[in-house]
Amino acid sequence: VVERIVDKRRNKKGKWEYLIRWKGYGSKEDTWEPEHHLLHCEEFIEQFNSLGLHKAKFPKSPETSRARSESRKKKRTCDPAVGVRAGDAPAPTGTLSLLHCVNLCPLVLSPFLGPADTPLLLGSALANGKLHLHSSIKRKLAEEKGYVFDKRLRHNVRQNESNCRFRDIVVRKEEGFTHVLLSTQTTENNALTPEIMKEVCRALGNAAADDSKLLLFSSVGTVFCSGLEPSYLMGRLTTDRRKESSRIADAVRDFVSAFIHFKKPIVVAINGPALGLGASILPLCDVVWASEKAWFQTPCAALHLTPSGCSSYMFPQILGVALANEMLFCGRKLTAQEACSRGLVSQVFWPTTFNQEVMLRVKEMASCSAVVLEESKYLVRSIVMSVLEDVNEKECQMLKQLWCSTKGLEALYSYLHKSCDK
């Protein structure tokens, strides 16, 4: 939930991004979000713009940055033994030198500094009479000695300790549950590639081993997941068809298998359209909540692909054979209310309160016993576990054969060509 907007800037493409303060979180969790992610935050944007506190921030051009760095090199010389630039005035009275900090606070600096770090810190110790320390040391000094540092620290959600290992997903460790969000940087509309699927598998493996009671799976943006990326498939399969088809099919198999074998309950929050593999994996999850804006489609035939994600087995079981065939063969689109009435979705919530409704219910689930949740899921899923494994293997073998064939590649090319013409 957005509490307020702190700042705004322009990205490299010249589009506005806003620094969001999230309700219940501090400044360390502030994140930069593009304007199209803030569809329901017009009031906050207007309120921030009316204050007139921001300054238009444009990314520096490479030429400007290069010219400035060259001018700095010409003007400044550094004594490596001391770390102070020649010609700098001595530090004013009352300003601590770095060596004094080391002498006075060895216990403060020791957790952060090793022998290899000392030259780096000495090299940027004093600049124009001001002390420059690493942010971790600044925070520690502020706590222990009451020093005040003017520079404000801002951390994007991807810079947190638990998130820095992933590029296309965000993992948040919440109280009682793990939150995994699709936030793809390498594809549009949260489309899936083997690399993204491997990141999700790794996140699920970590969540299975930690002390969380359940997993919440959602996405950032207006689209939940658009399935496998057709342009990625075309680009890869034209280089080495046999090798790449095996690699991509194995990635799909491992991705689906990770959901099949995950022992804790999986809750999915569908904030927008779910297509292809993004819709096929929903029956493998335990609770599916959708926004009124969400819709579901598996246009396998139109994409010249065979079903995946165990949809060839689970869709007829849940939706009935007639509707399942319509979705898999004809690409029928289901609205959120239709999916709920057919049993693919558990509940549908209003878009403006969707995130609040989801978090409230997830926290209620997380208050239950971990043993009860895990054992309950085992009783429900254990009967079909072996069946799902066989179905997943057969579906991936079929995809591999299709991608290896010339007809399959030509059909995929024809689809992409038609999409470009539209």
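Conventions we followed
- Residues numbered from 1 in each chain as written.
- Predicted model: local features only at pLDDT ≥ 70, side-chain atom pairs only at ≥ 80, totals over all residues.
- Heavy atoms only, no water.
- UniProt positions renumbered as here; feature names shortened; annotations may be inferred.
- 1 Å grid on protein atoms, 1.4 Å probe; cavity = no way out; pocket = protein on both sides within 12 Å on 5 of 7 lines; lining within 4 Å.
- Points joined across faces, edges and corners; volume = space filled by probe spheres on them.
- Helix = DSSP H or I, 4+ residues; strand = E, 2+ residues; numbered from the N terminus.
- Nonpolar A, V, L, I, M, F, W, Y, C, P; charged D, E, K, R; others polar.
- Phe/Tyr/Trp six-rings, centres within 6.5 Å; stacked < 30°, edge-to-face > 60°.
- Buried < 20%, exposed > 50% of the residue type's maximum accessible area, 1.4 Å probe, protein only.
- Pairing = 2+ DSSP bridges.
- Axes fitted to C-alpha atoms, helices over the stretch in contact; angles between N-to-C directions.
- Contact = heavy atoms within 4.5 Å.
- Salt bridge = Lys/Arg side-chain N within 4 Å of Asp/Glu carboxyl O.
- Right-handed = clockwise from strand over helix to strand, strands pointing away.

Named according to an unreviewed UniProt entry, the protein is Chromodomain Y like 2 originating from Takifugu rubripes. The annotation that UniProt attaches to the protein under Subcellular location (unreviewed entry) is "Nucleus".

1. A closer look at empty space enclosed by the protein
If a probe as big as a water molecule is rolled over the atoms, it shows which places are left empty. Inspection of the entire model under this criterion finds 1 cavity of 30 Å³ or more. Each pocket or cavity is described by its volume, and for the largest cavity that value is around 40 Å³. If you go around the largest cavity, the residues you meet are F259, I260, L284, K377, R381, M385 and L388. Among the elements of the structure, α9 (241–260), α15 (370–381) and α16 (385–404) are those that each provide at least two residues to the lining of the largest cavity. Broken down by class, the residue content of the lining of the largest cavity amounts to 5 nonpolar, no polar and 2 charged.

2. Side note on the packing of aromatic side chains
By convention here, two paired aromatic rings are described through the distance between centres and the angle between planes. Counted by the stated rule, this structure contains 5 aromatic pairs. Ring centres of F255 and F259 lie 5.2 Å apart, and the angle between their planes is 70 degrees; on these two criteria the pair is classed as edge-to-face. With F255 and F259 both in helix α9 and 4 residues apart, this pair spans about one turn of that helix. Like F255, the residue F259 is buried in the burial classification. Their ring planes at 65 degrees and their centres at 6.3 Å tell us that W289 and F349 sit as a pair that is edge-to-face.

3. Examining the sheet that holds strand β2 (residues 16–22)
The strand order across the open sheet formed by 3 strands is β1-β2-β3, and the pairing between neighbours is antiparallel. Each edge of the open sheet is held by one strand with a lone partner, namely β1 (2–10) and β3 (31–34). Adjacent strand axes in the sheet meet at a mean angle of 35 degrees when their direction is disregarded. Across the face of the sheet, helix α1 (residues 42–51) comes into contact with β1 and β2 while running at roughly 60 degrees to β1.

4. A short note on the pattern of salt bridges
As enumerated under the stated definition, the model contains 16 salt bridges in all. The salt bridge partner of R9 is E17, with a shortest N-O separation of 2.9 Å. A relative accessible area of 29% means that R9 is categorised as partly exposed. Using a relative accessible area of 14% as the deciding quantity, one classes E17 as buried. Its salt-bridge partner being K264, residue D210 comes within 3.3 Å of it at the nearest N-O pair. With a gap of 54 residues between them, D210 in the loop between α7 (194–209) and β8 (214–219) and K264 in the loop between α9 and β9 (266–270) connect regions that are remote in the sequence.

5. Here's the deal with the pairing of strand β7 (residues 177–182)
Within β7, 6 of the 6 residues are buried, which leaves it mostly tucked inside the rest of the structure. The alternating pattern of β7 places F177, H179 and L181 and T178, V180 and L182 on opposite faces, both of which are buried. As paired strands, strand β6 (residues 169–174) and β7 are joined by 6 bridges and run antiparallel to one another. The residue of β7 that forms the bridge with E174 is F177. Sheet analysis places β7 next to β8, joined by 6 bridges and oriented parallel. Paired with H179 across the bridge in β8 is L216. At this point the chain moves from β7, through α7, to the parallel β8, and the crossover so formed is right-handed.

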